[in-house]
Amino acid sequence: MAHVPLDSILKGDCIEQMRALPDASVDMIFADPPYNLQLKDNLQRPDQSLVAGVDDQWDKFDNFAAYDSFTRAWLFEAQRLLKETGTIWVIGTYHNIFRVGTAMQDRGFWLLNDIIWRKTNPMPNFRGTRFTNAHETLIWAAKTADQRKYTFNYNALKAMNDDLQMRSDWLIPICTGKERLKKNGKKAHATQKPEALLYRILMAASRPGDVILDPFFGSGTTGAMAKKLGRHFIGIERDDGYIAIARERIATTQKLDEEALGYSISKRQAPRVPFGQLVEAGLIQTGTTLYDSRRRHTARVRADGTLVCRDMTGSIHQIGAHVQGAPACNGWTFWHIDKRGDLVPLDRLREEMRAASHA
């Protein structure tokens, strides 16, 4: 397998550099491709000063066909580079995101969500001829339509959102103040993304140690946030000036310590702990009587971690379902152990064992 250049910025054309990377080598891709704004005139404020818009050469294409060809080429490589559990995020404006979305679906990516990044402080429409462009759209997609496993840290995002399910409309300000990188008093990069946006994306769809690819690296926001959150990054950028800015920025970014990098996970993501393991460890003694929460049903623990209840033996789930006459049961929450008169659910003992194994 070819070398994977972790925590590096690769200089050159994004498609050529992506072709040099090995198959299935990255866990997540964040892509902020050229917008293809098709600007025709200079934009002026009411005081006649010029707006520093996106007029860089990298954003210019001869026509839509050329842009579509470029899009299909880098998406082909992106899909090849993603692991079978990987996902991709692409951000854009109304100028390009619909064309990119079509190309993604044609390529076989499976769209999971479209996220609206609503800017709290957007640039106004100075001519007063259209609505203020106050948002950008992010497409989050799995590698293929039949992909069943991918990272989504639902519980972590819920915790970040005051214990409410995170919605698909995100209210985040654009870069201002100290966060906005400057060079000779001007914006160092016309489309620098806010760190809060990348922070949320990485928290949502990656884990510490994952490899994050950004084929349009720019000023290095992805790399800085990946380093901070304990992820690896691979950046691709062809502009020497942007590379210098990104390297300096990442070098001054501090990685969070291991304790701070912890995040809320769902029980489904947690390491599996069989009930028999609690018996082996002595957290539950063989012969112990288990109860439901209202002490209506009882069962005894056997040496192999199964339960016996009158004329039937089986797992904590099978016996829980049996005594209720139910088709299924979560034995971890149904069965309890009596501790000095208080009933403690088996699930709490399981969590204690998980915590002890990571101490």
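Residues numbered from 1 in each chain as written. Predicted model: local features only at pLDDT ≥ 70, side-chain atom pairs only at ≥ 80, totals over all residues. Heavy atoms only, no water.

The next point concerns the sheet that holds strand β15 (residues 336–339). Taken in spatial order, the six strands make up an open sheet running β14-β13-β12-β11-β15-β16, and their pairing is antiparallel. The sheet is open, and its two edges are formed by β14 (312–314) and β16 (342–345), each paired on a single side. The mean angle between the axes of side-by-side strands here comes to 40 degrees, regardless of whether they run parallel or antiparallel. Of the strand pairs in this sheet, β15 and β16 are connected by four bridges, and their pairing is antiparallel. In the strand pairing of β16, lysine 339 is matched with aspartate 342. Helix-sheet contacts for helix α9 (residues 316–324) involve β12 (298–301), β13 (307–309) and β14, and the interaxial angle to β14 is about 145 degrees. (Pairing = 2+ DSSP bridges. Helix = DSSP H or I, 4+ residues; strand = E, 2+ residues; numbered from the N terminus. Axes fitted to C-alpha atoms, helices over the stretch in contact; angles between N-to-C directions. Contact = heavy atoms within 4.5 Å.)

What follows concerns the packing of helix α6 (residues 221–228) against helix α7 (residues 240–251). Where α6 meets α7, the closest approach of the two axes is 9 Å, and the angle between their N-to-C directions is 15 degrees. Here α6 is positioned roughly parallel relative to α7, judged by the angle of their axes. The way α6 lies across α7 gives a crossing that is right-handed. Contacts between α6 and α7 pair Thr221, Gly223, Ala224 and Lys227 from the former with Arg249, Ile250 and Ala251 from the latter. (Parallel < 35°, antiparallel > 145°, perpendicular 65-115°, else oblique. Left-handed = near helix turned anticlockwise from the far one by under 90°.)

We now examine the packing of helix α5 (residues 195–205) against α6. The contact between α5 and α6 brings their axes to 9 Å, and the two run at 55 degrees. Accordingly, the angle class assigned to the pair α5 and α6 is oblique. Like other packed secondary-structure pairs, α5 and α6 cross with a definite hand, here right-handed. On the side of α5, the interface is formed by Glu195, Leu198, Tyr199 and Leu202, while α6 contributes Thr221, Thr222, Met225, Ala226 and Lys228. Tallied by class, the residues present in the contact of α5 with α6 amount to five nonpolar, two polar and two charged. (Nonpolar A, V, L, I, M, F, W, Y, C, P; charged D, E, K, R; others polar.)

With 91% of its residues at a pLDDT of 70 or more, the chain shows a mean pLDDT of 88. Low pLDDT, under 50, characterises residues 48–54; the stretch is placed with 18 contacts to residues that sit more than four places away or in other chains. (pLDDT = per-residue confidence, 0-100.)

The assigned domain composition of the chain is domain 1 (8–261) and domain 2 (275–357). Relative to domain 2, the C-alpha centre of domain 1 lies at a distance of 48 Å. (Domains from an automatic or database assignment.)

All right, on to the pattern of salt bridges then. In the structure shown here, the tally under the stated rule is 16 salt bridges. Across the pair aspartate 32 and lysine 193 runs a salt bridge, and its minimum N-O distance is 2.8 Å. Of this pair, aspartate 32 sits in the loop between β2 (26–31) and α2 (64–81) while lysine 193 sits in the loop between β8 (186–187) and α5, and the two are 161 residues apart along the sequence. Take aspartate 32 and lysine 193: they sit in the same class, and that class is buried. Notably, a salt bridge pairs lysine 255 with glutamate 258, separated by 3.7 Å at the nearest N-O pair. Among the ionic contacts, a cluster of salt bridges with common partners joins Arg19, Asp23, Glu77 and Arg80. (Salt bridge = Lys/Arg side-chain N within 4 Å of Asp/Glu carboxyl O. Buried < 20%, exposed > 50% of the residue type's maximum accessible area, 1.4 Å probe, protein only.)

This next bit is on the sheet that holds strand β10 (residues 232–237). Here we have eight strands laid out as an open sheet, ordered β1-β10-β9-β2-β3-β5-β4-β6, and mixed in their pairing. Each edge of the open sheet is held by one strand with a lone partner, namely β1 (8–11) and β6 (169–171). Pairwise comparison of adjacent strand axes, ignoring direction, gives a mean angle of 20 degrees for this sheet. As paired elements, β1 and β10 share four bridges and run parallel to each other. Bridge pairing links leucine 10 to isoleucine 236 in β10. Along the sheet, α7 makes contact with β1 and β10, crossing β1 at roughly 175 degrees.

What follows covers α6. By the criterion of burial, α6 is predominantly enclosed, with six of the eight residues buried. Of all the positions in α6, only Thr221, Thr222, Gly223, Ala224, Met225 and Ala226 are classed as buried. Where α6 is buried, its residues meet β2, α5, β9 (211–214), β10 and α7. Just past α6, the residue glycine 230 takes up positive phi, approximately 75 degrees.

Take the nonpolar core next. Within the largest apolar cluster, 31 residues are counted, with the highest numbers of intra-cluster contacts made by Met28, Phe30, Trp89, Leu138, Trp170, Leu197 and Ile201. Where this core is concerned, the elements lending two or more residues are β2, β3 (82–92), β4 (110–118), β5 (135–142), α4 (154–160), α5, α6 and α7. Core analysis: the second largest hydrophobic core is formed by 30 residues, Leu10, Ile88, Val90 and Leu213 among them. (Core = buried A, V, L, I, M, F, W, Y, C linked by side-chain atoms within 4.5 Å.)

Looking now at the pairing of β3. Buried residues dominate β3, accounting for eight of its 11 residues. For β2 and β3, the ladder comprises five bridges, and the chain directions are parallel. Looking across to β3, one finds that phenylalanine 30 is bridged to tryptophan 89. Direction of pairing for β3 relative to β5: antiparallel, over a ladder of six bridges. Looking across to β5, one finds that isoleucine 88 is bridged to alanine 141.

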